[in-house]
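# Tertiary structure, described
Residue strings, one per chain:
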Amino acid sequence: MKAPICRHACRALAEGALESGPQALFFRFHLWYCWYCWPYKRQLRALGDAAREVWGPRRDTRAVEDRVLAQLMRPPS
Amino acid sequence: MEDVVAAADLRARRPEAIERLVRENTAPLFHAALGLGFRESDAEELVQDVFVAFLEAAPRFEGHSTPRTFLFGILYNKSSNLRRRRLKEVSEDEVDARYDGRFNAWGIWSPKPPEQAALDSELKTHLEECAGGLSEDQRLAFYLREVEGESTDSLCNILGVSGTNLRVILFRARNKLRDCLEARWGGPR
């Protein structure tokens, strides 16, 4: 069973609550060394990497921009 | 100061301000719509609706938030509406596509699944399927945080939630996806 600190630290990681706040530094330090939290941390990181791989590639949207502009600039009928 | 001037130009519907707005924001909006699971044609329709709604609301836009945040807020509302509207069509499209896909090039019934399924990468299929199980706010929050790298403040403005609520949304989104992927192929490794 994971120690309570691991549960709180992993939750803070998933919540994106490690950027700031009184406990962020404490949790970041815990996650840095904790062997038990490592698989969870690795899974969330892999999830983010997968999302960027799937949805990250940029497409050329110039044609879409032109169509949007044509619609917006159309004089009211 | 620059934001205030830009907001005034947009309220006055100056063509150059509108063009700048569209050129700078179409790509992130279009990619976000794709990230929300819409097909390209629907994503484009959604982006057009967002800009039209923005210009309609322009007289009330005072530049307190950035145009980008304002536009993403509209996208969030519009995507929920479009998804509801598309719900019936999607189910019908899926039946049609599956039915058509079971016939080979000679028009003969094939017991094999459509080839297209094999072309999609396993990861993409699983992640997109699992993302389909998220609510609209969870999906947009996850996409904007992970792919676009939006800040907490910006996400709170876009979704119209407090920081505490945003934490819950992100926690649920990440864990739903993690659980779903874990159940399907042993989880992200």
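Definitions and cut-offs
Residues numbered from 1 in each chain as written. Chains lettered and ligands numbered in written order. Predicted model: local features only at pLDDT ≥ 70, side-chain atom pairs only at ≥ 80, totals over all residues. Heavy atoms only, no water. Helix = DSSP H or I, 4+ residues; strand = E, 2+ residues; numbered from the N terminus. Buried < 20%, exposed > 50% of the residue type's maximum accessible area, 1.4 Å probe, protein only. Contact = heavy atoms within 4.5 Å. Areas by Shrake-Rupley, 256 points an atom, 1.4 Å probe, with all protein chains shown as cover. Phe/Tyr/Trp six-rings, centres within 6.5 Å; stacked < 30°, edge-to-face > 60°. Disulfide = S-S within 2.5 Å. pLDDT = per-residue confidence, 0-100. Core = buried A, V, L, I, M, F, W, Y, C linked by side-chain atoms within 4.5 Å. Domains from an automatic or database assignment. Buried area = accessible area lost by both parts, 1.4 Å probe. Salt bridge = Lys/Arg side-chain N within 4 Å of Asp/Glu carboxyl O. Polar contact = N/O pair within 3.5 Å; in protein donor to acceptor, adjacent residues only side chain to side chain. Patch = residues over 30% accessible without salt bridge, like charges linked within 9 Å, V, L, I, M, F, W, Y side chains within 5 Å.

## Some remarks on the overall build of chain B
- Helix and strand counts for chain B come out as 9 helices and 0 strands.
- Counting every position in chain B, which comprises 189 residues, the buried fraction comes to 43%.
- Counting contacts in chain B only where the partners sit at least 6 residues apart, residues at least 24 apart contribute 65% of the total.
- With an accessible surface of roughly 10,400 Å², chain B has 51% of that area assigned to carbon and sulfur atoms.

## With respect to the overall build of chain A
- Regarding its fold elements, chain A presents 4 helices and 0 strands.
- Walking chain A from its N terminus toward its C terminus, one meets helices and strands in the order α-α-α-α.
- When burial is assessed residue by residue, chain A has 43% of its 77 residues classed as buried.
- The long-range share in chain A, meaning contacts at least 24 apart out of those at least 6 apart in sequence, stands at 41%.

## Topic: the packing of aromatic side chains
Residues and elements named next belong to chain A.
- The tally for this structure, following the rule as stated, stands at 4 aromatic pairs over all chains.
- On the numbers, 5.9 Å between centres and 40 degrees between planes, the contact of Phe26 with Phe27 is tilted.
- Three or more aromatic residues joined by ring pairs form one cluster here, namely Phe29, Trp32 and Tyr33.

## As for the state of the cysteines
- Inspection of every chain in the model, using the stated rule, returns 1 disulfide over all chains.
- Covalent S-S linkage joins Cys130 of chain B and Cys180 of chain B, the inter-sulfur distance amounting to 2.0 Å. Given an S-S torsion of about -75 degrees, the disulfide between Cys130 of chain B and Cys180 of chain B has left-handed geometry. With Cys130 of chain B in helix α6 (residues 122–131) and Cys180 of chain B in helix α9 (residues 163–185), this residue pair connects regions lying 50 residues apart in the sequence.
- Among the cysteines around Cys34 of chain A, which has no disulfide bond, Cys6 of chain A carries the closest sulfur, lying 3.6 Å off.
- The class of Cys34 of chain A is buried, set by a relative accessible area of 9%.

## Quick word on helix α8 (residues 152–159) of chain B
- Within the sequence span of α8 of chain B, burial applies to Ser154, Leu155, Cys156, Ile158 and Leu159 of chain B.
- Positive backbone phi, approximately 65 degrees, marks Gly160 of chain B, located one or two places after α8 of chain B.

## Regarding the confidence of the model for chain B
Residues and elements named next belong to chain B.
- Chain-level pLDDT for chain B is 77 on average; 74% of the residues reach the 70-or-more range.
- Between the elements of chain B, mean pLDDT differs from a low of 36, seen in helix α5 (residues 115–119), to a high of 92, seen in helix α7 (residues 136–146).
- Note on residues 90–96: pLDDT is under 50 here. Beyond four places in sequence and across chains, it has 1 contact.
- Low pLDDT, under 50, characterises residues 106–120; the stretch is placed with 11 contacts to residues that sit more than four places away or in other chains.

## Examining the environment of Met73 of chain A
- By secondary structure assignment, the location of Met73 of chain A is in helix α4 (residues 62–73).
- Setting aside chain neighbours within four positions, we find Met73 of chain A in contact with Pro15, Ile18 and Glu19 of chain B.

## As for the nonpolar core
- Within the largest apolar cluster, 72 residues are counted, with the highest numbers of intra-cluster contacts made by Trp55 of chain A together with Phe51, Leu75 and Leu127 of chain B.
- Counting residues per element, this core draws most heavily on helix α2 (residues 15–35) of chain B, which supplies 9 residues.
- For this core, the two domains that each supply at least three residues are domain 1 (1–85) and domain 2 (120–189) of chain B.
- Contact partners of Leu127 of chain B, with chain neighbours within four places excluded, come to Leu47, Ala50, Ala51, Val54 and Trp55 of chain A together with Leu177 and Leu181 of chain B.

## Section: the interface of chain B and chain A
- Between chain B and chain A, the residue contacts involve 42 residues of the former and 35 residues of the latter.
- Across the chain B to chain A interface the summed buried area is about 3,700 Å²; carbon plus sulfur atoms make up 64%.
- In this structure, the connection of chain B to chain A is made through 4 salt bridges.
- Residues Arg23 of chain B and Asp66 of chain A are paired through a salt bridge, measuring 3.0 Å at the closest nitrogen-oxygen approach.
- For the interface between chain B and chain A, the tally reads 8 residue pairs in polar contact (both at pLDDT 80 or more).

## Quick notes on a nonpolar patch on the surface
- Taken together, the side chains of Phe29, Trp32 and Tyr33 of chain A define a hydrophobic patch exposed on the protein surface, amounting to about 440 Å² of accessible area.
- The residue Phe29 of chain A is located in helix α2 (residues 24–33) in this model.

## Some details on the pattern of salt bridges
- Under the defined criterion, the tally for this structure stands at 13 salt bridges over all chains.
- In the salt-bridge network here, residues are joined through shared partners; they are Asp49 and Arg52 of chain A together with Glu146 and Arg174 of chain B.

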